[in-house]
Amino acid sequence: MGLEDISSPVFTIDSNKVSMPDIALKTYTFDEVIDIIGFGKTTLQIFIASSIIMMAVLNETMGISIVIPAAQCDLNLSATDKGILTGVSFAGIIVSSHFWGYIADTKGRRRTLIVSLLLTAVCSLVSSLSINYTMMVVMRFLVGVFISAPSATIFAYLGEFFKTANRTLVITYASTAVGLSAVFTATAGWYVLSLHWMLDIPGTELTIKPWRLLFFVYTIPTLIGAFWLMILPESPKFYLSRGRESEAFEILLRLYLENHPHAAVDDFAVKHITPEAGQKDRSTSLKRTGSCWKVACSVWNQTVPLFQKQNVINFVICCVVQFGLFVVSAGMGLWFPDIINRLTTTNVSDISVCEALEVSANPGYILNVETIIDEACKDNINERVFIYAISLGILYTVVYLAMSVLMRKLGRKCLVAFNLFFSGCSGIVLQFVANPYITIALFCSFLVFAGTSISILNGATVSIFPTNVRAMAVCLSLMMGRLGSVFGSNLVGLILEENCTLTFYLFASGSIICAVLTLFLPS
C-alpha cells in the first residue's frame, strides 16, 4: 500500500522549496491559512482596488448612455445609431467572455486584469477622438471586448484573498462601487457637459468638446485600477491551483509578515497546504502548450468541468438566474430614464405608468416630437436625467450596504430569493399605482433589488466552483447576463408601446422565477 492510499497528498513548503509529502507534519486548508494570516494593509488595498475596478467596468459600459445625447449632433447619430452604440460594448463582452475566462484561469487573475484594463483605457481614449459614427462603434466594441475580463475576473481575484465563508459578503461590500459608479458618471457628466467650449485641431476634422473630455474622466478609475494592481500580489489560490506552490507560499508569507509586524519568518506555522480535489492532476497537465489546436483543446478542457455531474446543475442555475437578473436590471434599466421622463412630463395627473406611456405615445405627442426633430439638432441634456441617475446610484449604494449586514443573518441564498421576489412584486404592483412618486419608488425597487443581486450571485459563483474553473464559471454566467441585457432592452422596445402591461408582467414574473431557482443553489 502506497502513501497515496493512506493519506490525501499535501504540499510541503519550506521557503522557496517544495518537498515530497510528509504526513508527520500538520496540514492546513487554504481557509485555515487565511485565518492565520488575518486582515491587513495589503488585503485592504486589494479590496479598495477591486472596488475601483468594479466601478471602472460600469463607467465604461453604462457611461456611454450619458455621452451619446451630447455627441449626437457631432456624429450625426440617428435613433438607431444611438441604440447600437448603447449596446455594442455588451456585444464585445459577450463574444470575448469565454476567451478571458480561459486566460484568467490559466495565466493568472492579476496579469489578465492589468493587460485588459490598460487595453480598455487605450480604446476608450481613442473612442473619445472619433470623427464619425463608424469609428465610435468599432472602438466601443473593442472597449467591450477588453472590459469583459475585469467585469468577471475581479470577483475571482478579490474572493480568493478571503475564506470561503466570507467571500460573498466581501464581494457584496465591494459592489457598493456599482452605486458609486452611477453617482460618479451622472455627477461628472452633469458638471462636464454644463461647460461650453470647443477646440479645433488644426489640419483635422476633429473638434474637442466637453463630451470628449467626459470619456477621459470616465477612464480615470480604469487607469487607477490597472496601475494599483501592478504593486499588488497575484492570487495565491490561483498559484496553488496551477501547481506553483512556492510562489503561493511567498505571497502568503508576505501577507502574514505585513499583518504581524513583530513576527519572524519562522513564526509562520504553515508548511503544508492541503490541495483541492484534483489539483495534483491539473498541475501536471499545464505543460502541454504549443499549437493552436492544443490551445483550443486546453480551452475545451477548461470548460468541460463546468458540465460535469458535480457542477452542471449549479452552473446552469447560475447562468439562468444571471440572464434573468440582467434582463430586468439592465434590459429594463436602459429604458428607465425614458420611461420616467415620459411619466413625469405628461400633463395628465393620477394615472398609472402604462396609462402615462399611452398618453405620451398618442399622435399629438408624436407630432410634437417630430416637430422638435425637424428643428436644428440639439445636444443639450435635461438636468432631470442626471438627478434620476444620481438618485438611482444612491439607492444602489444603500441597498448594497444593507444587504451586507443582512447577509450574515439570512444567508446569501435566502437574501437573493427575497430580493428577487420583492423586485417581481414591485414590478407588478407599480402598474396599479396612480401616484407618480410611488410609481417611481416602485420602479426603482424593481430595478435595484434585481441589480444588487448580481454581485451576490457572483460571490456565490466564486464560492461554489473550484479554483481551476472559477473565473471561467463567472465569465460564462456573466456572458449569459449580458445576453439578457441585450434581449431585455430589445424586448422592451418591441412590446412596450403595444402592450405595456404584458411587458411589466413578463419582466416581473422573470424575477420571481429566478427567486425560486436560487433556492436550489448550495447555501
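It should be emphasised that the depicted structure is a prediction, and the values quoted were computed from it without experimental measurement. (Residues numbered from 1 in each chain as written. Predicted model: local features only at pLDDT ≥ 70, side-chain atom pairs only at ≥ 80, totals over all residues. Heavy atoms only, no water.)

1. Notes on the packing of aromatic side chains
Just so we agree on the cut-off: Classification of ring pairs rests on two measures: the distance between centres of Phe, Tyr or Trp rings, Trp counted by its six-membered ring, which must be within 6.5 Å, and the angle between planes, read as stacked under 30 degrees, edge-to-face over 60 and tilted in between. For the purposes of this entry, the term helix denotes a DSSP run of H or I that reaches at least four residues, the term strand denotes a run of E that reaches at least two, and both are numbered from the N terminus. Each residue gets one of three labels from its accessible area relative to the maximum for its type: buried under 20%, exposed over 50%, partly exposed in between, using a 1.4 Å probe on protein chains only. By definition, being over a ring means that NZ of Lys or CZ of Arg is both within 6 Å of the ring centre and within 35 degrees of the ring normal.
Under the defined criterion, the tally for this structure stands at 15 aromatic pairs. Between Phe184 and Tyr218, the aromatic rings sit 6.4 Å apart at their centres with planes inclined by 55°, giving tilted as the arrangement. Note that Phe184 is positioned in helix H9 (residues 176-192) and Tyr218 in helix H10 (residues 210-229), a separation of 34 residues in sequence. Tyr218 sits in the buried class, given a relative accessible area of 2%. Between Phe238 and Tyr239 the ring centres are 5.9 Å apart and the planes differ by 45°, which places this aromatic pair in the tilted class. Judged by relative accessible area, Phe238 falls into the buried class, the value being 0%. Take Tyr239: its relative accessible area is 14%, and that puts it in the buried class. One aromatic cluster in this structure is built from Phe249, Tyr256 and Phe268. The ring of Phe30 has Lys237 sitting right over it, with the charged end atom 5.1 Å from the ring centre.

2. Concerning the state of the cysteines
This is how it is decided: The disulfide criterion is simple: two cysteine sulfur atoms within 2.5 Å.
Under the definition given, this model contains one disulfide. Sulfur-sulfur distance for the disulfide between Cys354 and Cys500 comes to 2.0 Å. Because the torsion about its S-S bond is -75°, the bridge between Cys354 and Cys500 counts as left-handed. Taken as a pair, Cys354 in helix H17 (residues 353-360) and Cys500 in helix H23 (residues 500-518) lie far apart in primary sequence, 146 residues in all. Judged by relative accessible area, which is 11%, Cys354 ranks as buried.

3. Focus: the side chain of Ser423
To keep things clear, this is the line we draw: We call two N or O atoms a polar contact when they sit within 3.5 Å, provided that within protein one can donate a hydrogen and the other can accept it, with sequence-adjacent residues counted only if both atoms are side-chain atoms. In what follows, a contact means two residues having at least one pair of non-hydrogen atoms within 4.5 Å.
Structurally, Ser423 is set in helix H20 (residues 412-429). Among the polar contacts made by the side chain of Ser423, one reaches the side chain of Ser511 at a distance of 3.4 Å. If near-sequence neighbours (up to four positions away) are discounted, Ser423 is found in contact with Val328, Ser445, Phe446, Phe449, Ala450 and Ser511.

4. Quick notes on the pattern of salt bridges
Our working definition: Should a side-chain nitrogen of Lys or Arg be within 4 Å of a carboxyl oxygen of Asp or Glu, the pair is scored as a salt bridge.
Taken as a whole and judged by the stated rule, the model has seven salt bridges. Two residues, Glu247 and Arg244, come together in a salt bridge whose shortest N-O distance is 2.8 Å.

5. Observations regarding the nonpolar core
In a soluble, globular protein the nonpolar side chains are often hidden away together inside. Here is the rule: In this text, buried Ala, Val, Leu, Ile, Met, Phe, Trp, Tyr and Cys residues form a nonpolar core when linked through side-chain atoms within 4.5 Å.
Counting 124 residues, the largest nonpolar core has Phe268, Met332, Phe443, Phe446 and Phe504 as the members making the most contacts within it. The leading source of residues in this core is helix H21 (residues 436-464), at 15 residues. Ignoring anything within four residues of it in the chain, the contact list for Phe446 reads Val328, Met332, Ser423, Ser426, Gly427, Leu430, Phe504, Phe507, Ala508 and Ser511. Ala70, Phe215, Val217 and Ile390 belong to the second largest nonpolar core, which has 24 residues in total.

6. Focus on the packing of helix H3 (residues 41-62) against helix H8 (residues 164-174)
The criterion, for reference: Only the stretch in contact is used when a helix axis is fitted, and all axes are lines through C-alpha atoms; the angle between N-to-C directions ranges over 0 to 180 degrees. Angle categories: roughly parallel below 35 degrees, roughly antiparallel above 145, roughly perpendicular from 65 to 115, and oblique for all the rest. Crossing handedness: left-handed means the near helix sits turned counterclockwise from the far one by under a right angle, and right-handed means the same turn made clockwise. Charged residues are taken to be Asp, Glu, Lys and Arg, nonpolar residues to be Ala, Val, Leu, Ile, Met, Phe, Trp, Tyr, Cys and Pro, and polar residues to be all remaining types, Gly included.
Orientation of H3 relative to H8, taken along the N-to-C sense of each, is 55°, at an axis distance of 9 Å. Considering their axes alone, H3 and H8 lie oblique with respect to each other. Remark: the crossing between H3 and H8 carries right-handed chirality. Packed against H3, whose contacting residues are Phe47, Ser51 and Met54, the element H8 presents Val170, Tyr173 and Ala174 at the interface. Considering only residue class, the contact of H3 with H8 consists of five nonpolar, one polar and no charged.

7. Focus on the side chain of Ser445
Within the fold, Ser445 resides in helix H21. Apart from residues lying up to four places away in sequence, Ser445 is in contact with Phe422, Ser423 and Ser426.

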